[in-house]
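What follows is each chain in one-letter form.
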Amino acid sequence: MPPVFTPLNDDRTINYSVIPEYAKYLANAGIKSVLVGGTTGEHMSLSVGDRKKVIDAWVKVAKTTDLHIQVQVGGAPLSDVLDLASYCQKVGADSLLTLPELYFKPDSVDTLVDYVELVANAAPNLPVLYYHIPSMSKVEINMPAFVTKATNRIPNFKGIKFTSNDLSEGAQVLRALKNDQEMFLGADTLIAPAALLGIKSSIGTTWNLFPRLAQDILNAVERNDVARARSLQETLSLAIEAHTVEGPWVPIMKAGMEIVSGIKVGPPSLPQKPITDEARKRIESRLRKLQIM
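What comes next concerns the included structure. By convention here, each chain's residues receive numbers from 1 onward along its written sequence. A pLDDT threshold of at least 70 governs which residues receive local features in this predicted model, and a stricter bar of 80 or more applies before side-chain atom pairs are shown or counted, although totals over entire chains, interfaces and linings include all residues. To get the side-chain values, all heavy atoms of the structure are used, and hydrogens and water are removed first.

### Describing the overall build of the chain
Consideration 1: A helix here means a DSSP run of H or I that spans at least four residues, while a strand means a run of E at least two residues long, and both kinds are numbered starting from the N terminus. A tally of helices and strands in the chain yields 13 helices and 7 strands.
Consideration 2: For 293 residues, the compact-globule formula gives about 19 Å, and the C-alpha radius of gyration of the chain, at 18 Å, lands near that figure.
Consideration 3: Residue exposure (1.4 Å probe, protein chains only): buried if accessible area is under 20% of the type maximum, exposed if over 50%, otherwise partly exposed. For the chain, the proportion of its 293 residues judged to be buried stands at 56%.
Consideration 4: By the convention used here, residues are in contact when the closest approach between their heavy atoms is within 4.5 Å. Within the chain, contacts between residues separated by at least 24 positions form 70% of all contacts whose residues are at least 6 apart in sequence.
Consideration 5: Note that accessible areas follow from Shrake-Rupley with a 1.4 Å probe, and for residues the cover is restricted to the protein chains shown. Carbon and sulfur atoms make up 50% of the accessible area of the chain, which amounts to about 12,900 Å² in all. The quantity called the radius of gyration is restricted to C-alpha atoms. Its globule counterpart is 2.2 Å times the number of residues to the power 0.38.

### Considerations on the layout of surface pockets
Consideration 1: Of the pockets and cavities examined, the largest pocket occupies roughly 450 Å³.
Consideration 2: The pocket and cavity definitions rest on a 1 Å grid over protein atoms only: a 1.4 Å probe that fits but cannot leave marks a cavity, an open set with protein on both sides within 12 Å along at least five of seven lines marks a pocket, and residues lining either have an atom within 4 Å of a point. Residue lining of the largest pocket: 21 residues in total, with Ile133, Ser135, Thr163, Gly186 and Trp249 positioned closest to the centre.
Consideration 3: With 3 residues, helix H5 (residues 134–137) is the single largest residue contributor to the lining of the largest pocket.
Consideration 4: Here the nonpolar group is Ala, Val, Leu, Ile, Met, Phe, Trp, Tyr, Cys and Pro; Asp, Glu, Lys and Arg are the charged ones; every other residue, Gly included, is treated as polar. When the residues that make up the lining of the largest pocket are grouped by side-chain class, the tally is 9 nonpolar, 10 polar and 2 charged. Grid points are joined across faces, edges and corners, and a volume is the space filled by probe spheres set on the points.

### A few points about the pairing of strand S6 (residues 182–185)
Side chains on a regular strand alternate between the two faces of the sheet.
Consideration 1: Two strands are counted as paired when DSSP detects at least two bridges linking them. As paired strands, strand S5 (residues 157–162) and S6 are joined by 4 bridges and run parallel to one another. Bridge pairing in S6 links Ile160 to Met183.
Consideration 2: By definition, the crossover connecting two strands over a helix is right-handed if that path, from the first strand to the second, turns clockwise as seen with the strands pointing away from the viewer. The handedness of the S5 to S6 crossover, carried by helix H7 (residues 167–176), is right-handed.
Consideration 3: Examined bridge by bridge, S6 and strand S7 (residues 201–202) share 2 bridges and lie parallel to one another. Paired with Leu185 across the strands is Ser202, a residue of S7.
Consideration 4: With helix H8 (residues 191–196) bridging S6 and its parallel neighbour S7, the resulting β-α-β unit is right-handed.

### Remarks on the sheet that holds S6
Consideration 1: The parallel open sheet is built from 7 strands, whose spatial order is S1-S2-S3-S4-S5-S6-S7. Two strands close off the open sheet at either side, each with one partner strand: strand S1 (33–36) and S7.
Consideration 2: Pairing geometry for strand S3 (residues 95–98) and strand S4 (residues 128–132), over 3 bridges, is parallel. The residue of S4 that forms the bridge with Thr98 is Tyr130.

### Looking at the packing of aromatic side chains
Consideration 1: Pairing of aromatic rings covers Phe, Tyr and the six-membered ring of Trp, with a centre-to-centre limit of 6.5 Å; geometry is then stacked below 30 degrees between planes, edge-to-face above 60, and tilted otherwise. For the structure shown, the criterion picks out 4 aromatic pairs.
Consideration 2: Ring centres of Tyr22 and Trp58 lie 5.4 Å apart, and the angle between their planes is 75°; on these two criteria the pair is classed as edge-to-face. Of this pair, Tyr22 sits in helix H1 (residues 19–28) while Trp58 sits in helix H2 (residues 48–65); the two residues are 36 residues apart in sequence, bridging distant segments of the chain. Exposure class is identical for Tyr22 and Trp58. Each is buried.
Consideration 3: Aromatic pair Phe146 and Phe157: ring centres 5.6 Å apart, planes at 80°, arrangement edge-to-face. Placement of the pair is Phe146 in helix H6 (residues 143–153) and Phe157 in strand S5, with a sequence separation of 11 residues. The burial state of Phe146 is the same as that of Phe157; both residues are buried.

### Thoughts on the side chain of Thr163
Consideration 1: One can find Thr163 in the loop between S5 and H7.
Consideration 2: Its relative accessible area of 15% is what places Thr163 among the buried residues.
Consideration 3: Once residues lying within four places of it in the same chain are set aside, the contact partners of Thr163 are Tyr131, His132, Ile133, Pro134 and Gly186.

### Some points on the pairing of strand S2 (residues 68–72)
Consideration 1: By the criterion of burial, S2 is predominantly enclosed, with 4 of the 5 residues buried.
Consideration 2: Of the pairings in the sheet, the one linking S1 to S2 comprises 4 bridges and is parallel in character. Across the sheet, Val34 pairs through a bridge with Ile69, a residue of S2.
Consideration 3: Note that the unit made of S1, H2 and S2 has a crossover that is right-handed.
Consideration 4: Looking at chain direction, S2 and S3 are connected through 3 bridges and run parallel.

Right, here's the structure in full:
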């Protein structure tokens, strides 16, 4: 599941006209679902009104592409988070993901479950998942314990996006989930080893740039072709490293998206800044040497 970029014009207004082309590009590459409003989508930097308009645009294109639309509604004051959750149910999104409260942070399993329960109650007809990204949220709570308690208390709690390199904890989370729940890995460089542990779903920025590569890695694991999975994972990891030396995650990946796909996703939203033209050229040169574009 790629977390989609929010296309911006040079003046930082949202470029809605790109979204139909973007959705078709992903669908043609075999992608079945997208995450709208994640870290990659920068919705935490947008107004609630703009977030709703972006959600509307993706729900609309889903009618012609059959994409499952998951929306990340966290990263805002609680009243706005609940408003967004309710709105997603109203307009026809397919599932929700939520960050924790980011200022008055949950400090225990119980307080985190309380928060997610409020979000889930605002959209009782939608599956709701929790977005665990401690590197950004600084909410570091035991995830197996959280998943177990959330499952017992929240009827529409259906899983987790696990953006952490701790695959030991990830395996524990997987064991705690029920058959109708899902775990999405959020660490693109670990998709192959995670798949060997049974974590077969992922939400990763690089699936925008290299959507078939992710599928090829998982297919190799399914065939028990460990050597092939390792080789493909190495290619993906080197492609990611071709970007990461040039700056922060979203600006470099927006540049990479334009280089690889030709789709104009524009600059990052403020306060982030785009990378330089020289940095963009270096990324392109590295990717060409990897023969990945």
